[in-house]
Amino acid sequence: MKNIMVSDFTIKEVPHGGSEWVNQVVIDKYGLDFEYSNRVTSFNTENFYIISNISLMDPKLIPQILKCNYIILEHDYKICPSRHPWRYPNNLIPKEHRINYELYEKAQAVFVQTTDHMNVYLKNDVKANFINLRSSLWADEDLEKLRSFNTKQKNGKYAIYNTNNWIKNTQGSVKYCQENNLPFEFVPNCPTREEFLDRLSNCNHLVFFPIARETFCRLVIEAKCMGVDVITTRNYGASLEDYFNLIGDELITYLKFNTKNNLKKFEKYIK
């Protein structure tokens, strides 16, 4: 038997992807094999699967998953074709647009990122054994890297994440800074994660107004870990958790504690 993580990408292809870093923590912790979703041709009932992002997988394979032992490590919403329930009024997906409900119901467990993430599922009548992680997952060395940037001298500027991903709403942040005469600095995706964190930690503030109802949002939490104040909306999972008021070392301590406890929750399922 093999324990296999199935997802669209890894941190090699998407070094700035939050879900890819969460997956990597679990892969490293449990020594999982990995299969790219677009390369899967079948599922073997002798294996145990950790189903993550599968937007690139042939949907005709879903019935095969249902016959296997598996859990879901969820980062978005597979219950509608767009994976964005927020596009519907009150996040309620019309019944004719609902998909993959059986995938959740038959999973041994469904690990969700935050309370808000879970509540959207419950609002849409999804039946599953939900386990609420309440945050993303970090390796200890990654949290210590964030801590090392916490003491840096700031430059007084307002950071704006410069990306073509429309959901992150770069232009909305630019407009806010311009209208309020705030000196801003673009922080682009850099060749390495460390360089990106270094650029972000130079600034006193991060301005971030995402359009989507993100399930967590590591960008904001990692900025706060590095002592960067955040000007943002409250329309995503992390911002609605009770630890969101923490910053710097206090936040890092909490995330380390929560990650340790959350990884133990996987042990019941991953043999």
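Refer to the preceding data block for the structure.
Read on for an overview of the structure. As the structure is a prediction and not an experimental result, all values here were calculated from the model. (Residues numbered from 1 in each chain as written. Predicted model: local features only at pLDDT ≥ 70, side-chain atom pairs only at ≥ 80, totals over all residues. Heavy atoms only, no water.)

### Topic: the side chain of E241
Rules: Note on conventions: DSSP H or I runs of at least 4 residues are helices, E runs of at least 2 residues are strands, and numbering of each starts at the N terminus. Whenever two N or O atoms come within 3.5 Å, that pair is a polar contact, provided that in protein one can donate a hydrogen and the other can accept it, and provided that, for residues adjacent in sequence, both atoms are side-chain atoms. Throughout, a residue-residue contact means that at least one pair of heavy atoms, one from each residue, lies within 4.5 Å.
Its location among the elements puts E241 in the loop between β10 (229–232) and α9 (249–266). Of the polar contacts made by the side chain of E241, one reaches the backbone nitrogen of T115; its length is 2.8 Å. Those residues in contact with E241, other than ones at most four positions away along the chain, are T114, T115 and R134.

### Overview of the pattern of salt bridges
Spelled out, the test is: A side-chain nitrogen of Lys or Arg and a carboxyl oxygen of Asp or Glu constitute a salt bridge if their distance falls within 4 Å. Three exposure classes are used, based on accessible area relative to the maximum for each residue type with a 1.4 Å probe and protein chains only: buried under 20%, partly exposed in between, and exposed over 50%.
Counted according to the given criterion, the structure contains 17 salt bridges. R213 is paired through a salt bridge with D116; the nearest N and O atoms lie 2.4 Å apart. Residue R213 is found in the loop between β9 (205–208) and α8 (218–225), and its partner D116 is found in helix α4 (residues 115–123); the two are separated by 97 residues along the sequence. The residue R193 makes a salt bridge to E222 at a minimum N-O spacing of 2.8 Å. With R193 in helix α7 (residues 193–201) and E222 in helix α8, this pair connects stretches of sequence that are 29 residues apart. The burial state of R193 is the same as that of E222; both residues are buried. Among the charged side chains, a network of salt bridges with common partners joins D142, R193, R218 and E222.

### A few points about the pairing of β9
The two faces of the sheet receive side chains in turn, since in a regular strand these alternate between them. Stated precisely, the cut-off is as follows: Two strands make a pair as long as DSSP finds a minimum of two bridges between them.
Alternating positions in β9 separate into two faces, H205 and V207 on one and L206 and F208 on the other, with burial throughout. Strand direction decides the pairing type here: strand β7 (residues 158–162) and β9, joined by 3 bridges, are parallel. What sits directly across from I160, in β9, is V207. Sheet analysis places β9 next to β10, joined by 4 bridges and oriented parallel. For F208, the partnering residue across the bridge sits in β10 and is T232.

### Quick look at the sheet that holds strand β6 (residues 130–132)
For the record, the criterion: Helix axes are fitted only over the stretch in contact, all axes being lines through C-alpha atoms; the angle between N-to-C directions runs from 0 to 180 degrees.
The strand order across the open sheet formed by 6 strands is β2-β1-β3-β4-β5-β6, and the pairing between neighbours is parallel. The open sheet has two free edges, formed respectively by β2 (33–36) and β6, since each of these has just one partner strand. Taking the axes of each pair of neighbouring strands and ignoring which way they run, one obtains an average angle of 25° across the sheet. When strand β4 (residues 69–73) meets strand β5 (residues 110–112), the two strands line up parallel, connected through 2 bridges. The residue bridging I72 from the neighbouring strand is V110, located in β5. Along the sheet, α9 contacts β4, β5 and β6; its crossing angle with β6, the most-contacted strand, is approximately 160°.

### Here's the deal with the packing of aromatic side chains
Cut-off, in case you're wondering: Here the aromatic set is Phe, Tyr and Trp, taking the six-membered ring for Trp, and pairing holds for ring centres within 6.5 Å; pairs whose planes are under 30 degrees apart are stacked, those over 60 apart are edge-to-face, and all others are tilted. Placement of a charge over a ring requires the Lys NZ or Arg CZ to be within 6 Å of the ring centre, with the centre-to-atom vector within 35 degrees of the ring normal.
Within this structure, the stated rule accounts for 14 aromatic pairs. Stacked on the ring of W21, the Lys or Arg R193 has its end atom at 5.0 Å from the ring centre. Above the face of the F244 ring, K224 is positioned so that its terminal group lies 4.8 Å from the ring centre.

### Description of the sheet that holds β9
If you walk across this open sheet you meet the 4 strands as β8-β7-β9-β10, and the pairing is parallel. Two strands close off the open sheet at either side, each with one partner strand: β8 (184–188) and β10. Neighbour-to-neighbour, the strand axes of this sheet turn through a mean angle of 35°, independent of strand direction. Pairing of β7 with β8 involves 5 bridges; the strand directions are parallel. Paired with Y161 across the strands is V187, a residue of β8. Sitting on the sheet, α7 touches β7, β8 and β9, and the angle it makes with β8 is about 170°. Strand contacts of α8: β7, β9 and β10, with the helix running at about 165° to β9, the strand carrying the most contacts.

By themselves, these observations are geometric and do not establish any function.
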